[in-house]
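Residues per chain, in single letters:
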Amino acid sequence: MTIKKYFPYYKSIALLALPLLLGQFGNIAVSFADNIMVGHYSTDALASASFVNNFFNIAIFACVGFTYGLTPLIGAVFARGDNDRIGRMVRVGLRVNIAFTLIVTALMTAMYFNIHRLGQPEHLLPLIRPYYLIVLAGMLPVCVFNVLAQWSFAIGNTGLPTWIVLAANGINIIGNYILIYGNFGMPELGLIGAGISTFTARILCAAAMLYVFFRCRLGAPYRHGYTHGRRVAGLPGEIVRTGFPVSMQMTFETASFSGAAVMAGWLGANELAAFQIVVISGMFGFCLYYSIGAALAIPVSHAAGAGDYTGMRRSAWAGYHIILATMTAVICLFIFCGHTIMGIFSDDSAVIALAVTLLVPMALYQAGDATQITFANALRGTSHVMPMLYIAFVSYIIVGLPVTYLLAFPCGLGLYGIVLSFSVCLMLAAVLFLIFFLRATRRKSTEKY
């Protein structure tokens, strides 16, 4: 197959990905701003934020991943033009996802009463506890926003959620400036101020998407199905079957990183702060890859709805080509500008010096991250998502966490070993996602790729 056959797919994926990329740049900007402002406030505040954010990512990605199951379902129906069914899917999707989020919130509430058992530095606990509760309160708005965002993505409108997120991120950064340092006559709240700003931004995102769906022209074709559509037996189960494996895939992946953060905390506050700097810097690559991956899942789902197996594969490989080019640029950025990037997060020279030593393993795991994101999203687009659960469990829990511990402690590599271990679990997941995607799309595809 010549590369020219991919050109139409490059264009469609790029057009879908551009708004997502803008949104991810917004997320990157606000993550950088959060950590820069908190890091310059104090090393303890940065270390506490590292623990809570990495620990809470398990819950947030579980809920967000559950909403991702809607994208291929709605995308396939959108390709057939059944607007009423899409409206019913949104209605049921909101109910099912809210119920799931409340369960996760209850579990995270139980964990709050056991934070002291996780081996973190004792002097950080007074900062960790109130910040934890604020992040906990933001779980439900995250769920509501992402359900409606998946609806928007599936009907091909990737721009709307992006602009909403960008606007909310701007408010978040302004809130950080005011509340962390106590500007404009407001009290100096430090890490708590950062939490309040993030919570406010999440509320605004959810409110904006609800307004668009129920009050604006974009949601009009689907509101009849939402309000008057007949009850469809089996639809909640279908959404659960599609969303739950994606949720668990993202949960297990995040648990691997969150477990690594807990282990970094065992090494000390400086190590935990340096780990946060590495994670946030590495998030730059992840956000770029994931925006392209989310975009390629849309044409894959449309091709799946039309029974076009060749189109599913071409969309996935075209997306992978774009992600590989992006990954190369990210690695070059880390290699040549990594020291400068690390230096913007803290005034503590010991923390920065420690973070800089981790540039090589951080660059190494980009290849595994880029590849697993590509084919996890491609597999999600086919709706054959159950293998994602098993792949993630084996790669990140059975293999990832033990390798992290082994390299960090018995092998004596410390924080360097923790970051180096990411390459192992990410590349294993990447290979397995690719194998299962090829199996899911081979039945009627007769071309070689």
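Scroll up a little and you will see the structure.
A few points on the structure. What you see is a predicted model, and the numbers here were worked out from it, not measured in a lab.

Now for the overall build of the chain. When you go through the chain residue by residue, the secondary structure sums to 16 helices and 0 strands. Taken against the 2.2 N^0.38 rule, which gives 22 Å for 449 residues, the C-alpha radius of gyration of the chain at 21 Å falls within 12% of a compact globule. Along the first, second and third principal axes, the C-alpha atoms of the chain reach 55 × 50 × 35 Å. Counting over 449 residues, the chain shows a buried share of 59%. For the chain, long-range pairs separated by at least 24 residues make up 83% of all intrachain contacts whose partners lie at least 6 apart in sequence. Accessible surface computed for the chain: about 17,300 Å², of which carbon and sulfur atoms make up 68%. Considering the chain, the positive charge centre built from 25 side chains and the negative charge centre built from 14 side chains are found 21 Å apart.

All told, the structure shown has 29 aromatic pairs when counted by the stated rule. On the numbers, 5.6 Å between centres and 10° between planes, the contact of Phe-51 with Phe-55 is stacked. You can see Phe-51 and its partner Phe-55 sitting in helix H2 (residues 43-68), 4 residues apart, about one turn around the helix. There is no split in this pair, since Phe-51 and Phe-55 are both buried. Between Tyr-177 and Phe-184, the aromatic rings sit 6.2 Å apart at their centres with planes inclined by 65°, giving edge-to-face as the arrangement. Tyr-177 sits in the partly exposed class, given a relative accessible area of 42%. A relative accessible area of 68% means that Phe-184 is categorised as exposed. Joined through ring pairs, the aromatic side chains of Phe-51, Phe-55, Phe-56, Tyr-112, Phe-113 and Tyr-132 make up one cluster. For the cation-ring pair, Arg-439 lies above Phe-436, with the distance from its terminal atom to the ring centre recorded as 5.2 Å.

Taking 1.5 Å per residue as the helical rise, helix H12 (residues 309-343) with its 35 residues ought to reach 51 Å, and the 47 Å between its terminal C-alpha atoms agrees with that figure. Helix geometry: H12 is bent most strongly at Cys-337, by close to 80°. N-capping of H12 is provided by Asp-308, with a side-chain oxygen placed 3.4 Å from the backbone N of Thr-310.

Enumeration according to the criterion identifies 0 disulfides in this entry. Cys-216 carries a free sulfur, and the closest cysteine sulfur to it, the one in Cys-205, is 15 Å from it. Of all cysteine sulfurs, the one in Cys-337 lies closest to Cys-332, which takes part in no disulfide; the gap is 9.6 Å. Judged by its relative accessible area of 35%, Cys-332 is partly exposed.

Rules behind the numbers
- Residues numbered from 1 in each chain as written.
- Predicted model: local features only at pLDDT ≥ 70, side-chain atom pairs only at ≥ 80, totals over all residues.
- Heavy atoms only, no water.
- Helix = DSSP H or I, 4+ residues; strand = E, 2+ residues; numbered from the N terminus.
- Rg over C-alpha atoms; globule rule 2.2 N^0.38 Å.
- Buried < 20%, exposed > 50% of the residue type's maximum accessible area, 1.4 Å probe, protein only.
- Contact = heavy atoms within 4.5 Å.
- Areas by Shrake-Rupley, 256 points an atom, 1.4 Å probe, with all protein chains shown as cover.
- Lys, Arg positive; Asp, Glu negative; His and termini not counted.
- Charge placed at Lys NZ, Arg CZ, Asp CG, Glu CD.
- Phe/Tyr/Trp six-rings, centres within 6.5 Å; stacked < 30°, edge-to-face > 60°.
- Lys NZ or Arg CZ within 6 Å of the ring centre and 35° of its normal.
- Expected span 1.5 Å × (residues − 1).
- Bend = angle between axes of the 7 residues up to and from the residue.
- Polar contact = N/O pair within 3.5 Å; in protein donor to acceptor, adjacent residues only side chain to side chain.
- Disulfide = S-S within 2.5 Å.

The values are spatial; any link to function lies outside them.
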